[in-house]
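Chain residues, written in single-letter form:
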Amino acid sequence: MADKRNATTGVTALNGRNRVLATFTFFSMFFGAGNLIFPPFVGAQAGDHTVPASIGFIVSAVGLPILGVVAVSFAGGFERLANRVSGKFAFLLGMAIILTIGPCFAIPRTATTSFEMAVVPFTADLPRGWTQFAYSLVFFAVSYLLSQHPEKLSKTLGRFMGPLLLALIAILFVFCVIRHPGGFAAPMGDYATGQAARGFLDGYQTMDLLAALYFGIVISANVRSMGVDDETQVRRETALAGVGTGLLLIVIYGVLAYMGAVSGSLATIDPSHDTGATVLTNLTSALFGPFGTAFVGLVFIIACLNVCTGLISTCGTYFQNHFPTVAGRRMNYRRWGAVFTVFSFVVSNAGLSMIIKVSVPVLAALYPIAIVLVALALVDRVFSSRFPRVYFWTVLLTGVTAALNCVASLVAVFGGSLPWLDAALALLPLADAQLGWLCPAIIGLLLGVIDSRIRPVSNSSDQA
């Protein structure tokens, strides 16, 4: 239980041990297969320029999500923040983010990714379909059981699963340091030049900010279960857990990038075909021989199981709060969790590849909108609250640009093309770096300032 009470205000705060547990819980929910794969791939390509590449990667891959956690915590939740645009917008954006990072993309992918890394190498002679069916059945059953009490995830993810994952990564790192023959390869591929800038762009493309915006729901519930009942203090403790998670991620990403550089010095990769999974497999095979594949498979299972549990908890909590009844039937947290678990199980076995192809452009469209909302929230006291219309105009122009990019990408997914749209989008500054939305966002910001001067709004912090 929390054991620190402010003598003046009477507000209870978490003690050091429980803050560590909350941080490990947040980290466990956050650190999945993608987080394992990206940094080693950066290191393998950057070679002896891994340090600047890692710094660039960490600035965007860690900085954006953690700033998002802090901004959302002090705004009172992502929905209250999005309400500054409009209530309908907050609802639609929330639904789009939850469904995309949940049952339509990330949850099914946790099962298929861990299956590919941990099971496929050892079951080549068995029928793949039935093997995947059996594995995903067990995987989702365990995740659902772990997610039964979202307010108590700190007792499972925080105390056991998170530390276990960190211990496995630490073991791999120690063996890298001991057995590294010395020297690193020259930079290659996209990292041949401008390593820091390339790392920043790749970190941006992890899109981890979207998950961070809603994981705070579950972390807040865990903080309350530890005895903190003042909502302002709950937000503060959630923000502290986010900052602690950011510090952990900085260390782990640095370690993984170093391991990728070591792997690149041991075995050359083809950046156009290989992935971070290849880099890790090469490394563990060189360090542990035939046991290397099993080792990296275990790491992937734990990481994916943690994230799956966190996502089921987040989606179940969100839908319980917004849809307590459906067609006259009461839908509690466990029922919603069961719905998402079964749906994800079916998708992971029957149609994940197409859903991923469709979901990725949607994710790419949602990300810029989330970024501008977080950025405006961070400067709300000194800027945004004085010019409340900046929320509407900045999100509008960013959203239109992101939506057009989404349409172009979806058309390409289904084998078509819209040359006129592709040409128009290519004219936007920084379009090649997937930052074409930045210029429209700045224009929207200026329009919002002008509009706020023309049409002042009272009580501006929570209005469009």
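The rules behind the values
- Residues numbered from 1 in each chain as written.
- Predicted model: local features only at pLDDT ≥ 70, side-chain atom pairs only at ≥ 80, totals over all residues.
- Heavy atoms only, no water.
- Helix = DSSP H or I, 4+ residues; strand = E, 2+ residues; numbered from the N terminus.
- Rg over C-alpha atoms; globule rule 2.2 N^0.38 Å.
- Buried < 20%, exposed > 50% of the residue type's maximum accessible area, 1.4 Å probe, protein only.
- Contact = heavy atoms within 4.5 Å.
- Areas by Shrake-Rupley, 256 points an atom, 1.4 Å probe, with all protein chains shown as cover.
- Lys, Arg positive; Asp, Glu negative; His and termini not counted.
- Charge placed at Lys NZ, Arg CZ, Asp CG, Glu CD.
- 1 Å grid on protein atoms, 1.4 Å probe; cavity = no way out; pocket = protein on both sides within 12 Å on 5 of 7 lines; lining within 4 Å.
- Points joined across faces, edges and corners; volume = space filled by probe spheres on them.
- Nonpolar A, V, L, I, M, F, W, Y, C, P; charged D, E, K, R; others polar.
- Phe/Tyr/Trp six-rings, centres within 6.5 Å; stacked < 30°, edge-to-face > 60°.
- Lys NZ or Arg CZ within 6 Å of the ring centre and 35° of its normal.
- Salt bridge = Lys/Arg side-chain N within 4 Å of Asp/Glu carboxyl O.
- Domains from an automatic or database assignment.
- Buried area = accessible area lost by both parts, 1.4 Å probe.

Chemist: Please explain the overall build of the protein chain as it appears in this structure.
Modeler: Counting its regular elements, the protein chain contains 20 helices and four strands. Relative to its length of 464 residues, the protein chain is compact, with a C-alpha radius of gyration of 22 Å against a globular reference of 23 Å. Projecting the C-alpha coordinates of the protein chain onto the three principal axes gives extents of approximately 65 × 55 × 50 Å. Scored against the burial criterion, the 464 residues of the protein chain give a buried share of 51%. Summarising the internal contacts of the protein chain: among those between residues at least 6 apart in sequence, 79% fall at separations of at least 24. Of the roughly 19900 Å² of accessible surface on the protein chain, a fraction of 67% belongs to carbon and sulfur atoms. Here the protein chain carries 27 positive and 20 negative side-chain charges, and the mean point of each set is 11 Å from the other.

Chemist: When you look at the layout of surface pockets in this model, what are you seeing that I'm missing?
Modeler: Where empty space is left becomes clear once a probe the size of a water molecule has been rolled over the atoms. Its boundaries defined by the atoms lining it, the second largest pocket holds a volume of some 500 Å³. Taken together, 25 residues line the second largest pocket, and the ones lying closest to its centre are G76, G77, G216, I217 and S220. When residues of the lining of the second largest pocket are traced back to their parent elements, those giving at least two are α4 (63–75), α5 (78–82), α11 (209–225), α12 (231–266) and α14 (292–322). A total of eight residues in the lining of the second largest pocket trace back to one element, the largest contributor, which is α11. Looking at the lining of the second largest pocket residue by residue, the class counts come to 10 nonpolar, 10 polar and five charged.

Chemist: How should I be thinking about empty space enclosed by the protein in this particular structure?
Modeler: A complete count under the given rule lists one cavity of 30 Å³ or more for this structure. Counted as a void, the largest cavity has a volume near 50 Å³. Taken together, L36, L168, I169, L172, L256, L280, F295, V296 and V299 make up the lining of the largest cavity. Counting only elements with at least two residues in the lining of the largest cavity, the list comes to α9 (157–179) and α14. Among the residues forming the lining of the largest cavity, the class breakdown is nine nonpolar, no polar and no charged.

Chemist: Would you explain the environment of D190 in this entry?
Modeler: Tracing the sequence through the fold places D190 in the loop between α9 and α10 (195–204). Judged by its relative accessible area of 51%, D190 falls in the exposed class. Spatially, the C-alpha atoms of D190 and Q45 are 7.6 Å apart, while their sequence positions differ by 145 residues. The contacts of D190, once residues within four sequence positions are left out, are Q45 and R198.

Chemist: Is there a simple way to explain the packing of aromatic side chains in this structure?
Modeler: We describe a pair of aromatic rings using the distance from one ring centre to the other and the angle between the two ring planes. For the structure on display, the rule yields 24 aromatic pairs. Between the aromatic rings of W130 and F133, the centroid separation amounts to 5.9 Å while the plane-to-plane angle is 70°, which identifies the pairing as edge-to-face. Taken as a pair, W130 and F133 lie in helix α8 (residues 128–146) at a separation of three residues, close to a single helical turn. Its relative accessible area of 65% is what places W130 among the exposed residues. When the centroid spacing of 6.4 Å and the interplanar angle of 90° are considered together, the rings of F140 and F345 count as edge-to-face. Of this pair, F140 sits in helix α8 while F345 sits in helix α15 (residues 333–350), and the two are 205 residues apart along the sequence. You can call F140 buried: its relative accessible area is 2%. Clustering of aromatic rings is evident, with ring pairs tying together F78, F91, Y214, Y318, F319, F323, W336 and F340. Lying across the ring of F392, R389 places its NZ or CZ 5.0 Å from the centre.

Chemist: I'm lost on the pattern of salt bridges in this one. Help?
Modeler: Side-chain pairing between opposite charges can occur once the charged atoms of the two side chains come close. Summed over all chains, the structure comprises seven salt bridges. When the shortest N-O distance is used, the salt bridge between E237 and R19 registers 2.8 Å. Here the residue E237 occupies a position in helix α12, and R19 occupies one in helix α1 (residues 16–30), the gap between them amounting to 218 residues. Using a relative accessible area of 24% as the deciding quantity, one classes R19 as partly exposed. Among the salt bridges present, the one from R224 reaches E231, with a minimum N-O distance of 3.0 Å. A cluster of three or more residues bridged by salt bridges with shared partners is formed by R389, D451 and R455.

Chemist: Mind showing me how you'd approach the environment of L137 here?
Modeler: Take L137: it is sitting in helix α8. With a relative accessible area of 45%, L137 lands in the partly exposed category. Sequence separation between L137 and T341 is 204 residues; the distance between their C-alpha atoms is 9.8 Å.

Chemist: Just checking my understanding: could you explain the domain arrangement of the protein chain for this structure?
Modeler: Assigned domains within the protein chain: domain 1 (16–349) and domain 2 (353–456). Look at where the C-alpha atoms of domain 1 and domain 2 centre, and you get two points 25 Å apart. Between domain 1 and domain 2, the residue contacts involve 27 residues of the former and 25 residues of the latter. Of the roughly 2400 Å² buried between domain 1 and domain 2, counting both surfaces, carbon and sulfur atoms make up 83%. The partner of D380 in a salt bridge is R84, with the nearest N and O atoms 3.4 Å apart.

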